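Residue-level structure breakdown
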Amino acid sequence: MTEQHRPNDTPGGQQAGQSHAKHHHETGPAAEETAAVVSVDTAGGAMEPSAVPASAQSGKLPGGPDTLLRRIFTGSGMVSVLAVFLALVIGGLLIASTDTRVATTAGYFFARPTDFLAALWNAATRSYIALFQGSVFNPRGNGLAAQFAPLMETLTIATPLITAGLGVALAFRAGLFNIGAQGQIIVAGILAAWVGFALHLPLGLHLLLVLVAGIIGGALWGGLVGVLKARTGAHEVILTIMFNYIALYFLRYLLNTPAFQRPGESNPISPILDPSAVYPQIFGTQYRLHLGFILAIGATFLVWWLLNRSTVGFEFRAVGANPKAAQTAGINVSRSTILVMAIAGGLAGMSGVAQVAGTEKVLTDGVAATYGFDAITVALLGRSTPWGTFAAGLLFGAFRAGAVQMQIQTGTPIDIVLVVQSLIVLFIAAPPLVRAVFGLNPRRKKPARAAKNTKAATTGGAA
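Residues numbered from 1 in each chain as written. Predicted model: local features only at pLDDT ≥ 70, side-chain atom pairs only at ≥ 80, totals over all residues. Heavy atoms only, no water.

Let's shift gears to helix α15 (residues 333–359). Taking 1.5 Å of rise per residue, 27 residues should cover 39 Å, and α15 covers 38 Å from first to last C-alpha, within 8% of that figure. Counted residue by residue, α15 has 22 buried out of 27 residues, so it is predominantly covered. Where α15 begins, the side chain of Asn-332 points an oxygen toward the backbone nitrogen of Ser-334, at a separation of 3.3 Å. Looking at the residues trailing α15, positive phi occurs at Lys-361, about 65°. (Helix = DSSP H or I, 4+ residues; strand = E, 2+ residues; numbered from the N terminus. Expected span 1.5 Å × (residues − 1). Buried < 20%, exposed > 50% of the residue type's maximum accessible area, 1.4 Å probe, protein only. Polar contact = N/O pair within 3.5 Å; in protein donor to acceptor, adjacent residues only side chain to side chain.)

Have a look at this one:
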């Protein structure tokens, strides 16, 4: 009886087997290129592989075969940078549309288009230069201290944005939408302010109690949302939005009671905090920058360590990726939900302390301003990473600090900064749009090449 040949006994089968073995065991540049293609095709593991392999898709990535440049230009960090750049470009066009010189040159655009383009460029750059001078460095300042005053103001404004943004970002990583940073800031401000003006304690101890009271207040307000979410299944978005209103109206009520209203005042404002209860100013009284910024840096490092170096952080990320799988693996999802919301609330509470003990030194119904809502944008821009959120907080602090100077120097409406911030959110929420605008979309199909590869694979399989 003739023995049947197995596929691998034929020359073609042996070659295919050797090729298959080489594919699985090869190392070096070829393996790195294969890994890069898989990473591009799946967006770093965030998406399922496409039906057409990345190698068969069109669109050359900057850097050619260099895998490092591929990762840089297709990574989420670069998408965030390009989203900001695109928002600034569109914001510049909107700024130019309000300029009288641009309107005048538009009337004879076809006769001398260069005049229109020059006016367009000058209007946008003039406004952004004023924005830079109002947020980073003002060469017109009288002395070095005055020249760096805009940077100090940017860091001061960025402080509550960073800590509140960290609270939102941490919840995002655990799969929760913490829209309640506004309310958590308010409750933290209430407790911190009361400890600051009602108690009279020694220097050092008083400030420590103010900070602890604020963090506890924010943690309790956020943890309560976590308890309701874990025990009843109520959606955290609805809960946090409602808690924002509860906190705001509770604050307004308290500011009209003898316990919180400043004696002799009819306006809703608290007494001034004791000098022992306020943050010291880092560079002296000439700047408003206070100790809260140093604490914000420490909080950023703490959140980074929590997420990337601790067991609790791993559980948070596992619950955020797949709660059912995490529960199957033995992780207590309810406990993680409560804990992450409490920590997120405590981080937002640091923003409330920064406001009452660092910037305002009193409690008013505007203590939270819009920091809680802006923190959502900061966390989104930072891709819910600790240091990304820190950088995004600095950027938005610069926008806020420089907007006033931009309006004074150029007459550009201050609301244009809000438009730019909104555009950033729009582009951050649509990474494929940003990649498509800059030609970095790795998922564009190339039908002809895909069909050729499919035909070749079919022919090889038949042989």
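Right, let's get into the environment of Phe-172. Mapped onto the secondary structure, Phe-172 falls in helix α8 (residues 149–173). Overall, the relative accessible area of 17% leaves Phe-172 in the buried class. When the C-alpha atoms of Phe-172 and Phe-316 are compared, they prove to be 9.7 Å apart, with 144 residues separating the residues in sequence.

We now examine the side chain of Thr-300. The topology assignment puts Thr-300 in helix α12 (residues 291–309). Ignoring any residue separated from it by four or fewer positions in sequence, one finds Thr-300 in contact with Ile-162, Leu-166, Pro-386, Trp-387 and Phe-390. (Contact = heavy atoms within 4.5 Å.)

This brings us to the side chain of Gln-184. By the secondary structure assignment, Gln-184 is in helix α9 (residues 181–198). Look at Gln-184 and you get buried, because its relative accessible area is 1%. The residues touching Gln-184, leaving out its near neighbours within four places in the chain, are Asn-178, Gly-218, Trp-221, Gly-222, Met-341, Ala-344, Gly-345, Ala-348 and Gly-349.

Running from N to C, helix α17 (residues 386–410) and helix α18 (residues 416–428) point in directions that differ by 155°, and their axes come no closer than 9 Å. The pairing of α17 with α18 is recorded here as roughly antiparallel in orientation. In this structure, α17 crosses over α18, and the sense of that crossing is right-handed. Residue-level contacts link Phe-396, Phe-399, Ala-403 and Met-406 of α17 to Ile-416, Val-417, Val-420, Gln-421 and Ile-424 of α18. For the contact of α17 with α18, the class distribution of residues is eight nonpolar, one polar and no charged. (Axes fitted to C-alpha atoms, helices over the stretch in contact; angles between N-to-C directions. Parallel < 35°, antiparallel > 145°, perpendicular 65-115°, else oblique. Left-handed = near helix turned anticlockwise from the far one by under 90°. Nonpolar A, V, L, I, M, F, W, Y, C, P; charged D, E, K, R; others polar.)

Another aspect to go through is the confidence of the model for the protein. Residue-level pLDDT values for the protein average 84, and 79% of them are 70 or greater. Per-residue pLDDT stays below 50 along residues 1–26; that stretch engages in seven contacts with residues further than four places along the chain or on separate chains. For residues 50–66, every residue scores under 50 in pLDDT, and the model assigns this stretch 40 contacts once sequence neighbours within four places are set aside. (pLDDT = per-residue confidence, 0-100.)

To continue, consider unusual backbone geometry. Positive phi values are uncommon outside glycine, yet Arg-383 reaches one of about 55°. Here Arg-383 is to be found in the loop between α16 (371–381) and α17. Backbone geometry places Ser-384, a non-glycine residue, at a positive phi of 60°. Looking at the element boundaries, Ser-384 is found in the loop between α16 and α17.

This part is about empty space enclosed by the protein. Within the structure shown, the criterion is met by two cavities of 30 Å³ or more. The wall of the largest cavity is formed by Ile-95, Tyr-128, Leu-131, Phe-399, Ile-416, Val-417 and Val-420. Among the elements of the structure, α6 (113–133) and α18 are those that each provide at least two residues to the lining of the largest cavity. For the lining of the largest cavity, the element with the most residues is α18, which contributes three residues. Here the lining of the largest cavity is built from residues that sort into seven nonpolar, no polar and no charged. One number sums up the size of the second largest cavity: a volume of about 30 Å³. Around the second largest cavity sit Thr-159, Thr-163, Tyr-279, Gly-292, Leu-295, Met-350 and Ala-354, which together line it. Those elements that provide at least two residues to the lining of the second largest cavity are α8, α12 and α15. Grouping the constituent residues of the lining of the second largest cavity by class yields four nonpolar, three polar and no charged. (1 Å grid on protein atoms, 1.4 Å probe; cavity = no way out; pocket = protein on both sides within 12 Å on 5 of 7 lines; lining within 4 Å. Points joined across faces, edges and corners; volume = space filled by probe spheres on them.)

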